[in-house]
Amino acid sequence: IAALRTGREGVRSGIPRELTELYDRIATRRRPAVVTIAREICAGCRVDIPPQTYLELRRRARIVTCGRCQRILVYGGE
């Protein structure tokens, strides 16, 4: 467990602080905190993603959270 924690801290050091704080805030309420989208649907809560948000996810233009469950969304390819 100690080795995993050390590895986690090493990864977190390369991520902007705002993003790690967002992740921590979501992870205290929901697991998993990061989900993929499948066919324009959030894999966490199964709600439709608006078309504009879907395009932003595909372009990886910004960090996007689900409007319903607040999880961080990532485009995994379809």
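Provided above is the structure to which this section pertains.
Anyway, here's the lowdown on the structure attached to this text. Residue numbers run consecutively from 1 along every chain, following the written order of its sequence. Per-residue local features of the predicted model are confined to residues with pLDDT of at least 70, and side-chain atom pairs are confined, for both listing and counting, to 80 or more; whole-chain, interface and lining totals are unaffected and use all residues. Hydrogens are left out, water is left out, and the side-chain values use all remaining heavy atoms of the structure.

In terms of regular secondary structure, the chain is built from three helices and four strands. Each helix is a run of DSSP H or I of at least 4 residues and each strand a run of E of at least 2, with the numbering of both proceeding from the N terminus. Shown N-terminal to C-terminal, the secondary structure of the chain runs as helices and strands in the order α-α-β-β-α-β-β. Projected onto the principal axes, the alpha-carbon positions of the chain cover approximately 40 × 25 × 20 Å. Three exposure classes are used, based on accessible area relative to the maximum for each residue type with a 1.4 Å probe and protein chains only: buried under 20%, partly exposed in between, and exposed over 50%. For the chain, the residues scored as buried account for 28% of the 78 residues in total. Any two residues whose heavy atoms approach within 4.5 Å at even a single point are treated as in contact. Pairs at least 24 apart in sequence give 44% of the contacts found in the chain among residues at least 6 apart. Residue-level accessible areas treat just the shown protein chains as cover; the underlying method is Shrake-Rupley with a 1.4 Å probe. Total accessible area on the chain stands at roughly 5700 Å², and carbon and sulfur atoms take up 52% of it. Mean positive and mean negative side-chain charge positions of the chain (16 and 8 charges, respectively) differ by 5 Å. Counted as positive: Lys and Arg. Counted as negative: Asp and Glu, with His and the chain ends omitted from the count. Where a charge lies is defined by one atom per residue type: Lys uses NZ, Arg uses CZ, Asp uses CG and Glu uses CD.

Cis geometry is found at the peptide bond from Arg31 to Pro32, where omega equals -5 degrees. Here Pro32 shows up in the loop between α2 (17–27) and β1 (34–38). Of note in this structure, Glu40 is not a glycine but carries a positive phi near 60 degrees. Turning to its location among the elements, Glu40 is positioned in the loop between β1 and β2 (41–42). You can call Glu40 partly exposed: its relative accessible area is 34%.

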